[in-house]
Amino acid sequence: MSAFQTAIVPAAGLGTRFLPTTKAVPKELLPVVDTPGIELVATEAAEAGASRLVIVTSPGKDSVVEYFRPQPELESTLEARGKTDLVEKVRRAPGLLTVETALQEKALGLGHAVGCAEANLTDDDEAVAVLLPDDLVLPRGVLKTMAGVRERFGGSVLCAFDIPRDQISAFGVFDVRDTDDADVKQVVGMVEKPKAEDAPSTFAAAGRYLLDRAVFDALKRITPGAGGELQLTDAIALLIAEGHPVHVVVHRGGRHDLGNPGGFLKAAVDFALDHPDYGPDLAAWLRDRIG
């Protein structure tokens, strides 16, 4: 059995940094080469053991969920034309896991978005994974490591990156204590966007969480912060204060931020360079263009 069966993907945002495109196309469906970011995140969840995906959407973003529905007419058309490779691509997302929706009527913060998915859970959901679709954590596999840490220590497990101190003020930062594993830290506190000299560590939060079911009770007991939003980090901080075990796994790989056009372009180039059909030509073009 996996440490979790349900993964939650908050996808209710308006994608304002991608306007005007996101007037018609949700940010989560913009393709990294030929695959939407939300499929990449769903694949990561499935590989880590999830069998269910709860996508938290807002009114008007039905197409995000529709992407995971079978398209038998399209499949039949492609099969009739002998395009079996495209049939496999079309079937890939619907075959990953069972997809459900939860509705976030108003943008009231990440904590509120996660809380909106509570009604989708079953009695068997002792823990849930939360994957932010703007974050691509590479290589995939950190959720499996996080699941192993939960099996050992219990409680909640988060993903962290070791960030240079002069860049740390842009992140939520963990106050940690060492364990017998250099890449697993016990969390004793969290600070949101501290000054570099005030940061308790250089370990910054990434967009992967494996949360004990207790987080939903904590979300009901925190108060809104700036902008009237409920912050997931405040709920986790409350659990820490109440003695709930929280650990981070320090991920030594890479990361792409799909939440802004600049980061999205870097991800697209990175993935395209590794693509057998596009990589060699793109690499040659980039060398010529940069030169």
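It should be emphasised that the depicted structure is a prediction, and the values quoted were computed from it without experimental measurement.

**Things to note about the pairing of strand S8 (residues 156–162)**
Okay, so step 1: By the criterion of burial, S8 is predominantly enclosed, with six of the seven residues buried.
Okay, so step 2: By the bridge criterion, five bridges tie S8 to strand S12 (residues 246–250) in an arrangement that is parallel. What sits directly across from cysteine 159, in S12, is valine 249.

**A word on the side chain of histidine 251**
Okay, so step 1: Inspection of the secondary structure puts histidine 251 in the loop between S12 and strand S13 (254–257).
Okay, so step 2: A polar atom in the side chain of histidine 251 sits 2.9 Å from the backbone oxygen of leucine 138.
Okay, so step 3: The residues contacting histidine 251, other than those within four sequence positions of it, are Val137, Leu138, Pro139, Val142, Cys159, Ala160 and Phe161.

**Focus on the side chain of glutamate 39**
Okay, so step 1: Here glutamate 39 is to be found in helix H1 (residues 37–47).
Okay, so step 2: Owing to a relative accessible area of 2%, glutamate 39 belongs among the buried residues under this scheme.
Okay, so step 3: At a separation of 2.4 Å, a polar atom in the side chain of glutamate 39 contacts the side chain of tyrosine 67.
Okay, so step 4: Those residues in contact with glutamate 39 that lie beyond four places of it in its chain are Tyr67, Phe68, Arg92, Ala93 and Leu96.

**Digging into the nonpolar core**
Okay, so step 1: With 48 residues, the main nonpolar core has Leu53, Ile55, Phe68, Leu131, Met146 and Leu210 as its most contacted residues.
Okay, so step 2: Excluding residues that lie within four positions of it along the chain, leucine 131 makes contacts with Ala7, Ile8, Val9, Pro10, Val41, Glu44, Ala45, Leu143, Gly207 and Arg208.

**Overview of the environment of glycine 15**
Okay, so step 1: Here glycine 15 lies in the loop between strand S1 (6–10) and strand S2 (31–32).
Okay, so step 2: Judged by relative accessible area, which is 9%, glycine 15 ranks as buried.
Okay, so step 3: Residues glycine 15 and proline 26, spaced 11 residues apart in sequence, show a C-alpha to C-alpha distance of 7.0 Å.
Okay, so step 4: Once residues within four sequence positions are removed from consideration, glycine 15 is found in contact with Thr22 and Lys27.

**Quick word on the pairing of S12**
Okay, so step 1: With five of five residues buried, S12 lies mostly within the body of the structure.
Okay, so step 2: Residue alternation in S12 divides its side chains into two sets, Val246, Val248 and Val250 and His247 and Val249, and both sets are buried.
Okay, so step 3: Alignment of strand S10 (residues 184–192) against S12, held across three bridges, turns out to be antiparallel. Pairing of valine 184 across the sheet is with valine 249, part of S12.

**A look at the packing of helix H9 (residues 261–273) against helix H10 (residues 279–290)**
Any two packed helices are characterised by the angle at which their axes cross and by the distance between the axes.
Okay, so step 1: Interhelical geometry of H9 versus H10 gives an angle of 125° and a closest axis separation of 7 Å. Compared by their axis directions, H9 and H10 come out oblique. Residues Val269, Ala272 and Leu273 of H9 form the contact with H10, whose own contacting residues are Gly279, Leu282, Ala283 and Leu286.
Okay, so step 2: For the contact of H9 with H10, the class distribution of residues is six nonpolar, one polar and no charged.

**Observations regarding helix H8 (residues 232–241)**
For an α-helix the count is 3.6 residues per turn, leaving residues at separations of three or four pointing the same way.
Okay, so step 1: When we look at burial in H8, the residues that qualify are Leu232, Thr233, Ala235, Ile236, Leu239 and Ile240. The buried residues of H8 all sit within an arc of 160° when viewed along its axis, so they share a single face.
Okay, so step 2: Buried positions along H8 lie against helix H5 (110–115), S8, S10, strand S11 (203–212), helix H7 (214–221) and S12.
Okay, so step 3: Just downstream of H8, glycine 243 is the residue with a positive phi angle, here 90°.

Criteria and cut-off values
Residues numbered from 1 in each chain as written. Predicted model: local features only at pLDDT ≥ 70, side-chain atom pairs only at ≥ 80, totals over all residues. Heavy atoms only, no water. Buried < 20%, exposed > 50% of the residue type's maximum accessible area, 1.4 Å probe, protein only. Helix = DSSP H or I, 4+ residues; strand = E, 2+ residues; numbered from the N terminus. Pairing = 2+ DSSP bridges. Polar contact = N/O pair within 3.5 Å; in protein donor to acceptor, adjacent residues only side chain to side chain. Contact = heavy atoms within 4.5 Å. Core = buried A, V, L, I, M, F, W, Y, C linked by side-chain atoms within 4.5 Å. Axes fitted to C-alpha atoms, helices over the stretch in contact; angles between N-to-C directions. Parallel < 35°, antiparallel > 145°, perpendicular 65-115°, else oblique. Nonpolar A, V, L, I, M, F, W, Y, C, P; charged D, E, K, R; others polar. Arc of directions from axis to C-beta.

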